[in-house]
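# Survey of secondary and tertiary structure
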Amino acid sequence: MSDLAVDREVDRSQMKVSDEVAIDIVNMNKWYGSFHVLRDINLTVNRGERIVIAGPSGSGKSTMIRCINRLEEHQSGKIVVDGTELTSDLKNIDKVRSEVGMCFQHFNLFPHLTILENCTLAPIWVRKVPRKEAVDTAMYFLEKVKIPEQANKYPGQLSGGQQQRVAIARSLCMRPRIMLFDEPTSALDPEMIKEVLDTMIELAQEGMTMLCVTHEMGFARQVANRVIFMDQGQIVEQNEPEEFFNNPRSERTKLFLSQILGH
Amino acid sequence: MSNTHADTVLFVRDTMLPQQEPPASTVGALGWAKANLFSGWFNTTLTILSALFILYLLSGLVPWFASPTWYAASLTECREILAGHEGACWGVIRERWLQLMFGFYPSELYWRPVLALVLLFVAVAPVLFADYVPSKLLGFTALYPFIAVWLLWGGTIWAPVMALLGFVVAFFVFRYASKQISPALALIAGVIAALLWWMVITPAITPDLSRLLPIGIEAVQSRQFGGFMLSITIGVTAIMCSLPIGILLALGRQSDLVLVKAICVGFIEFIRGVPLITLLFVASTLLNIFMPPGTNFDIILRVMIMVTLFASAYMAEVIRGGLAALPKGQYEGADSLGLDYWQSQRLIIMPQALKISIPGIVSTFIGVFKDTTLVSIISMFDPLGLSNAIRADTAWNGVYWELFIFIGAVFFIFCFSMSRYSMYLERKLQTGHR
Ligand SMILES: Nc1ncnc2c1ncn2[C@@H]1O[C@H](COP(=O)(O)OP(=O)(O)OP(=O)(O)O)[C@@H](O)[C@H]1O
Ligand SMILES: [Mg+2]
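Residues numbered from 1 in each chain as written. Chains lettered and ligands numbered in written order. Predicted model: local features only at pLDDT ≥ 70, side-chain atom pairs only at ≥ 80, totals over all residues. Heavy atoms only, no water.

If you tally the helices and strands in chain A, you get 9 helices and 10 strands. For chain A, whose C-alpha radius of gyration is 18 Å, the value lies close to the compact-globule estimate of 18 Å for 263 residues. When the backbone C-alpha atoms are referred to their principal axes, chain A occupies close to 55 × 45 × 35 Å. Residues counted as buried form 58% of the 263 residues belonging to chain A. Restricting to contacts in chain A with at least 6 residues of sequence separation, those with at least 24 account for 69%. Accessible surface computed for chain A: about 11100 Å², of which carbon and sulfur atoms make up 48%. When the 31 positive and 36 negative side-chain charges of chain A are each reduced to one mean point, those points stand 4 Å apart. (Helix = DSSP H or I, 4+ residues; strand = E, 2+ residues; numbered from the N terminus. Rg over C-alpha atoms; globule rule 2.2 N^0.38 Å. Buried < 20%, exposed > 50% of the residue type's maximum accessible area, 1.4 Å probe, protein only. Contact = heavy atoms within 4.5 Å. Areas by Shrake-Rupley, 256 points an atom, 1.4 Å probe, with all protein chains shown as cover. Lys, Arg positive; Asp, Glu negative; His and termini not counted. Charge placed at Lys NZ, Arg CZ, Asp CG, Glu CD.)

Listed below in structure tokens is the structure:
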């Protein structure tokens, strides 16, 4: 896979990990019908951590991070996000979802709304922020992802990379404490991948707690403080990026890395 | 390309070419005709043959249409004027067009349905042309149904006022209750309050109110309604009500709640499986059997309910198609931002699903409007029913084409306007590709 992030200077000094627990997953299991997709997942994420999740296709990476904001329901075990346990209680689910931002592979912007409306919608309706304030926040974050001039266009008029940056800004407008990314760059052309990764690195430097499913190993090396390798619905290995790449322990990880890095 | 010429392949443009006019034979009317009508011998032959055919049709139709019978007072008179030539007998339209429009509505009160129609346009303007009409008018839109009913049927003003107050009562009960109990229960409380208001309080005090404050206009019976007025009254009601009911049915059909889903599916499949005429017969005869004796449940109201239910079932399926066409990512995008079910439906899902379904929705509207002619089956005088009544008059016995052409033309104007509007709306809602 592409190693585009190598040319960037990333300042890790501000990426502090605190002792406070942001996400706690205990013995979580999930089935699709009779198919056991996630098996005994245990994962604790502290505030400020940047975690990259890798693994072969179909290994359950997407399913796992989608469980964290309850886009998928788990059947056993426990998921606690920011002190709120995810149960079938709708109030809890909406609370967690408004605290956790998510970016998707295909952006999922709302095509019938302008960029600005995409960004102000949730703050206005969920957070009940006054419109004026919501617009100011949206413009602030659109400037941050470097596309304030597109605010009044529709998503269909933007390039893929621009759309993904809007999607990030849209999530940030809710002032989330945790961000989830599900392969945010895998539908993009190489030069657009760079602009999206730059935005994500900036976010990491500001201390955002992030979980990213991605095949951008350069990004993992530079930004992540932990890499998680999944296979067949299980966490097979987790380690610091340097160790993970240079000294993988399990055979599956070695095989996966040799394929993905093309050694 | 061969390598031996590699040195001659190098090319660098040093002057940019200015824009030039296209050749004259490709632009303008001439260019259009050449490209579209006379490109090649086959197209040219077709064009000439079609032109001849159209000429032949016109040579038959124009004299028929242009017959000087506007002032004839009966079919016999028409025949005298035409003196054996073929021709239309337009006298019937001149004499009876008001009847085709208003049925047996008292002619000195024609201004009331006309005013109701004009106000209808005012009421729908802020909905249909939101870009040009101030949204303050929406308040009038909400009041319009009550105004229209009063204008059309007349009678004491207290009946529509009490009906309107029922909604106000329901709203305040809901507002007050939703602070104390859950929204769903508050909604039920509001509905119960409104029903109590309409069924208990209204019948108790309306007669006294009308006696004390006798404000009202002359009452018109439903039997006197007819013609396009009847079609439009039933059609507009069914169109306005079927859209929201159809949306709820479509959502109910997708619901996770088994009972809600079963009810919606059952309703939709039952209504779609039964011809509209059957439902109309039920409305005109069977319903009376179930009603307590002595209740006067207006026939037009019964028909409106049946046509609305019928249209809602079709509408629900059209909207379900729109919902199915939305990518799953839209639901996930809305969910991931913390929008609740009704918010994401209202702000994200429905605007897009309805936009996709516009052609189907408008087709359903047009179908419903034309189906209102079926009420002639249960001896109500829609335009077609009236055309029979007109032929029953000895003066016009035998006039078919002229009446049908007139009725068809009026229906066409309405349906074509709806279709053009939907195209305008689709263009307006176009927001880039994808
Ligand atoms: N809605 C579903 N119903 C049934 N099975 C599903 C469903 N969604 C995913 N699966 C299965 O669950 C497994 C894990 O899917 P998941 O999307 O989490 O994989 P992934 O690791 O994200 O893969 P990729 O890298 O291709 O995105 C796959 O085998 C997939 O076929
Ligand atoms: Mg995936």
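Below, the discussion takes up the state of the cysteines. With the rule as written, the count across this model stands at 1 disulfide over all chains. Here cysteine 78 of chain B engages in a disulfide with cysteine 89 of chain B; their sulfurs sit 1.8 Å apart. Taking the sign of the S-S torsion, about 75° here, the bridge from cysteine 78 of chain B to cysteine 89 of chain B comes out right-handed. One end of the pair, cysteine 78 of chain B, is in helix 4 (residues 75-82); the other, cysteine 89 of chain B, is in the loop between helix 4 and helix 5 (91-102), and 11 residues separate them in sequence. Judged by its relative accessible area of 2%, cysteine 89 of chain B falls in the buried class. Here cysteine 119 of chain A stays free of any disulfide, with the sulfur of cysteine 173 of chain A as its closest cysteine sulfur at 4.6 Å. Lacking any disulfide linkage, cysteine 212 of chain A is separated from the closest cysteine sulfur, that of cysteine 103 of chain A, by 9.3 Å. (Disulfide = S-S within 2.5 Å.)

Below, the discussion takes up the site of ligand 1. Residues and elements named next belong to chain A. As a matter of local geometry, ligand 1 sits amid Tyr32, Phe35, Val37, Pro56, Ser57, Gly58, Ser59, Gly60, Lys61, Ser62, Thr63 and Glu183. Separating an oxygen atom of ligand 1 from a side-chain N or O atom of serine 57 is a distance of 2.6 Å. Contact between ligand 1 and glutamate 183: an oxygen atom at 3.1 Å from a side-chain N or O atom of the residue. When ligand 1 is considered free in solution it has 630 Å² of accessible area, and contact with the protein chains removes 59% of it. If you list the elements that add at least two residues to the shell around ligand 1, you get strand 2 (35-46) and helix 1 (61-68). In terms of residue count, the dominant contributor to the shell around ligand 1 is helix 1 (3 residues). Residue classes in the shell around ligand 1 are distributed as 4 nonpolar, 6 polar and 2 charged. (Near = heavy atom within 4 Å. Polar contact = N/O pair within 3.5 Å; in protein donor to acceptor, adjacent residues only side chain to side chain. Nonpolar A, V, L, I, M, F, W, Y, C, P; charged D, E, K, R; others polar.)

What follows covers the nonpolar core. Leu142, Phe181, Met200, Met210 and Phe219 of chain A are the most contacted members of the largest nonpolar core, which totals 49 residues. Ignoring anything within four residues of it in the chain, the contact list for methionine 200 of chain A reads Ile168, Phe181, Pro184, Met210, Cys212 and Phe219 of chain A. (Core = buried A, V, L, I, M, F, W, Y, C linked by side-chain atoms within 4.5 Å.)

The sheet built from 4 strands is open, its strands ordered 2-1-4-5 (chain A) with antiparallel pairing. Looking at which strands have only one partner, the edges of the open sheet turn out to be strand 2 and strand 5 (84-85) of chain A. (Pairing = 2+ DSSP bridges.)

In this section: the sheet that holds strand 6 (residues 100-103) of chain A. All names here are of chain A. Strand order in the open sheet formed by 6 strands is 6-7-8-3-9-10, and the pairing between neighbours is mixed. Each edge of the open sheet carries a strand with a single partner, namely strand 6 and strand 10 (234-239). Here the average twist between neighbouring strands, direction ignored, is 20°. As defined by bridge partners, strand 3 (residues 50-54) adjoins strand 8 (residues 209-213) across 4 bridges and the pair is classed as parallel. (Axes fitted to C-alpha atoms, helices over the stretch in contact; angles between N-to-C directions.)

Taken together, the 26 residues of chain A in the interface contact 21 residues of chain B. Across the interface of chain A and chain B, roughly 2100 Å² is buried in total on both sides, 58% from carbon and sulfur atoms. Taken together, chain A and chain B are joined by 2 salt bridges. Where arginine 66 of chain A meets glutamate 332 of chain B, a salt bridge forms, and the shortest distance between an N and an O atom there is 2.6 Å. (Buried area = accessible area lost by both parts, 1.4 Å probe. Salt bridge = Lys/Arg side-chain N within 4 Å of Asp/Glu carboxyl O.)

Before going further, it helps to examine the domain arrangement of chain B. When cut into domains, chain B gives domain 1 (27-66) and domain 2 (155-217). Averaged C-alpha coordinates put domain 1 of chain B and domain 2 of chain B at centres separated by 64 Å. (Domains from an automatic or database assignment.)

One non-glycine residue with positive phi stands out, namely lysine 128 of chain A, at about 60°. Tracing the sequence through the fold places lysine 128 of chain A in the loop between helix 3 (115-125) and helix 4 (131-144). Residues other than glycine seldom take positive phi values, yet serine 379 of chain B does so here, at roughly 50°. By secondary structure assignment, the location of serine 379 of chain B is in the loop between helix 15 (341-371) and helix 16 (383-392). Classification of serine 379 of chain B by relative accessible area gives exposed; the value is 62%.

For the rest of this paragraph, the subject is the pairing of strand 8 of chain A. Residue and element names in this part refer to chain A. With 5 of its 5 residues buried, strand 8 lies for the most part within the structure. Every second residue of strand 8 is oriented toward a common face, with Thr209, Leu211 and Val213 on one face and Met210 and Cys212 on the other, all of them buried. Sheet topology note: the strand 7 (residues 178-182)/strand 8 ladder contains 5 bridges and is parallel. If you follow aspartate 182 over to strand 8, its bridge partner there is valine 213. Read from strand 7 through helix 6 (residues 190-205) to strand 8, the crossover connection turns out right-handed. (Right-handed = clockwise from strand over helix to strand, strands pointing away.)

So, on to the side chain of serine 67 of chain B. Residues and elements named next belong to chain B. Turning to its location among the elements, serine 67 is positioned in the loop between helix 3 (40-65) and helix 4. Residue classification places serine 67 among the buried residues on the basis of a relative accessible area of 8%. For serine 67, the side chain forms a polar contact with the main-chain oxygen of alanine 88, separated by 2.5 Å. Excluding its chain neighbours within four sequence positions, the residues that come into contact with serine 67 are Leu82, Gly87, Ala88 and Trp90.

Pairs can form between side chains of opposite charge whenever their charged atoms are close. Residue and element names in this part refer to chain B. Using the criterion set out here, one finds 26 salt bridges over all chains in the structure. Here arginine 96 makes a salt bridge to aspartate 393, at a shortest N to O gap of 2.4 Å. You can see arginine 96 sitting in helix 5 and its partner aspartate 393 sitting in the loop between helix 16 and helix 17 (401-428), a full 297 residues away along the chain. Of the charged contacts, one joins glutamate 269 and arginine 272 as a salt bridge, the two residues approaching to 3.7 Å between their closest N and O atoms. With glutamate 269 and arginine 272 both in helix 11 (residues 258-272), this residue pair falls 3 residues apart, about one helical turn. On the basis of relative accessibility, which here comes to 32%, the residue arginine 272 falls in the partly exposed class.

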